[in-house]
Amino acid sequence: MGDEFGEVLTRTARIAADWLGSLDQRPVGETATLAELRGRLGGPLPDGPADPVTVVEELVQAAEPGLVAIPSGRYFGFVIGGGLPAAVAADWLTTVWDQNAGLYACGPAASVAEEVAGEWLRELFGLPGGSSFAFVPGCQTAHLTCLAAARHHVLRRAGWNVEEQGLAGAPPMRIVVSARRHATIDRALRLLGFGTATLTVVPADDRGRMDVAALREVLRDGPPAVVCAQAGEVNTGAFDDLAAIADVTGPAGAWLHVDGAFGLWVLASPELRHLAAGAERADSWAFDAHKWLNVPYDSGVAFCAHPEPHRAAVSVTADYLVQGGAGEPRDAIDWTPGFSRRARGFPVYAALRQLGRQGVAELVERCCAHARAFAAGLAAVPGCELLGEVVINQVLFRFGDDATTERVLRRVVDSGEAWLSGTVAGGRRAIRLSVCNWRTGDEDVRRTLAAFQKSAAAES
Ligand SMILES: *Cc1c(COP(=O)(O)O)cnc(C)c1O
């Protein structure tokens, strides 16, 4: 057999590097419409084969105008990071090596890379020694994993084995959430059999922080509970007072889960970690590597202070599998809801290795500094109203009424200079700007502020 891969991979590496190199010049948003993309990519399923290099080149041709430059330093939509060079490269190799990282037997190095990266993350975040973890597709799946462990633990203490007996007829348990929880909490709970109408909702303040006094009242009596708190509200970046919440959940014997999709990364920064003080007292944590660590999509992480319920809730066995059993070596299928799976540990490992402890802290701090620079710059743009202080990397603002806000935003996005999107804050339209990308620099901030200046000026 010859070198079937040499040409296509070399050509692809060139295309990839050229695209990444074009980010400062190309528009951030897509330039093709839905109909155009269907036209470019569509057509009948070909009858015969095609040369791989041709396939790749035609795919690139067809897809290019429909790509959003998410790795650009001027992409500020949702909460989305870019990809660090070492992480992007390790992600390619993850594909090339094609390990099925469910079992050690199908990828020993993948299993050990996850073991090492998990321990590095645990240490970086200051989570309890002996915590178990899982590399999963995202924070959504991390919630599912952690809350399955919580469900097991709470019901087990009540003498009920939920994995065997299911939920019908189970002892009562309560799921306590904040009014400003992320939508993925609800979906994880739904999938675990806790209908949204059965949740106990604790009010939150206008920044999205859980009312701890109300939580205390809720937990004063009643059946055992799982409490979902948050580190980094998706619009404001605000943190629940995790120490005060742990003071309440601890004595109540409730399981405390923290949604820290992006916010929990402050734990890596000596300057910012006070925002999530008390996080280490929780029972489980869910966060993302594809947001602030700048690992390519998709990559989330679940941590659990109690390995037994974690494993009991999600592990699986079958006669034909080759498993370590007692935890040695580590088989990811015992810790993730997935079975066959991508070796997600490699890019996380590479990102942590590229940055080091200091590099992660600097990345998080730099993004927050850019967010503050945005707030200062936007305050000087005529008609711009900032909505609350910048806590970490999220900036929330509007321009007068809803229609004006939408027009100002639309013009900036249409200009191709930056990409960001809207939300609702206090019942009115607002613009949300999230800085999570390692590439974002002062020039990106300047260009984006200039785009808002210009767009706002078009209103007068
Ligand atoms: C992004 C986000 C999630 C969901 O994470 P995915 O990785 O997209 O599954 C959950 N909670 C918060 C606060 C988020 O910002």
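Residues numbered from 1 in each chain as written. Predicted model: local features only at pLDDT ≥ 70, side-chain atom pairs only at ≥ 80, totals over all residues. Heavy atoms only, no water.

Per an unreviewed UniProt entry, the protein chain is named Glutamate/tyrosine decarboxylase-like PLP-dependent enzyme, and its organism is Actinoplanes xinjiangensis. According to the UniProt record, the Sequence similarities (unreviewed entry) comment for the protein chain reads "Belongs to the group II decarboxylase family." Quoted verbatim from the Cofactor (unreviewed entry) field of the UniProt record, the comment on the protein chain reads "pyridoxal 5'-phosphate". (UniProt positions renumbered as here; feature names shortened; annotations may be inferred.)

(A) View of the nonpolar core. Trp 265, Phe 397 and Leu 420 are the most contacted members of the largest nonpolar core, which totals 98 residues. The leading source of residues in this core is helix α12 (residues 345-379), at 12 residues. Once residues lying within four places of it in the same chain are set aside, the contact partners of Trp 265 are Leu 121, Leu 124, Phe 125, Phe 287, Asp 288, Ala 289, Trp 292, Leu 293, Val 360 and Val 364. Counting 23 residues, the second-largest nonpolar core is a separate cluster that includes Val 162, Met 173, Ile 185 and Leu 189. (Core = buried A, V, L, I, M, F, W, Y, C linked by side-chain atoms within 4.5 Å. Buried < 20%, exposed > 50% of the residue type's maximum accessible area, 1.4 Å probe, protein only. Helix = DSSP H or I, 4+ residues; strand = E, 2+ residues; numbered from the N terminus. Contact = heavy atoms within 4.5 Å.)

(B) A look at the UniProt feature "modified residue: N6-(pyridoxal phosphate)lysine" (unreviewed entry) in the protein chain. Per the UniProt record, "modified residue: N6-(pyridoxal phosphate)lysine" (unreviewed entry) is annotated on Lys 291. Secondary-structure assignment places Lys 291 in the loop between β6 (284-288) and β7 (300-304). When residues no more than four places from it in sequence are discounted, the contact partners of Lys 291 are Val 79, Gly 81, Ala 261, Phe 262, Tyr 297 and Cys 436. For Lys 291, the side chain forms a polar contact with the side chain of Asp 288, separated by 3.4 Å. (Polar contact = N/O pair within 3.5 Å; in protein donor to acceptor, adjacent residues only side chain to side chain.)

(C) The arrangement of the sheet that holds strand β1 (residues 132-136) in detail. Spatial ordering of the open sheet is given by β1-β7-β6-β5-β4-β2-β3, a layout of 7 strands whose pairing is mixed. The two strands at the open ends of the sheet, each matched to only one other strand, are β1 and β3 (200-202). Across the sheet, the axes of successive neighbouring strands diverge by a mean angle of 20 degrees, strand direction being ignored. Pairing between strand β4 (residues 225-230) and strand β5 (residues 255-259): 5 bridges, direction parallel. Looking at the pairing, Val 226 lines up with Trp 255 of β5. (Pairing = 2+ DSSP bridges. Axes fitted to C-alpha atoms, helices over the stretch in contact; angles between N-to-C directions.)

(D) Main features of the packing of aromatic side chains. Taken as a whole, this structure holds 14 aromatic pairs when the rule is applied. The interplanar angle of 15 degrees and the centroid separation of 5.4 Å between the aromatic rings of Tyr 75 and Trp 419 together place this pair among those described as stacked. Residue Tyr 75 is found in the loop between α3 (52-63) and α4 (85-97), and its partner Trp 419 is found in the loop between α13 (402-415) and β10 (421-425); the two are separated by 344 residues along the sequence. Among the residues examined, Trp 419 registers a relative accessible area of 17% and is labelled buried. Aromatic ring contacts, followed pair by pair, group Phe 125, Phe 133, Phe 135, Trp 265, Phe 287 and Phe 303 into a single cluster. Positioned above the aromatic ring of Phe 133, the side-chain terminus of Arg 330 is 4.0 Å from the ring centre. (Phe/Tyr/Trp six-rings, centres within 6.5 Å; stacked < 30°, edge-to-face > 60°. Lys NZ or Arg CZ within 6 Å of the ring centre and 35° of its normal.)

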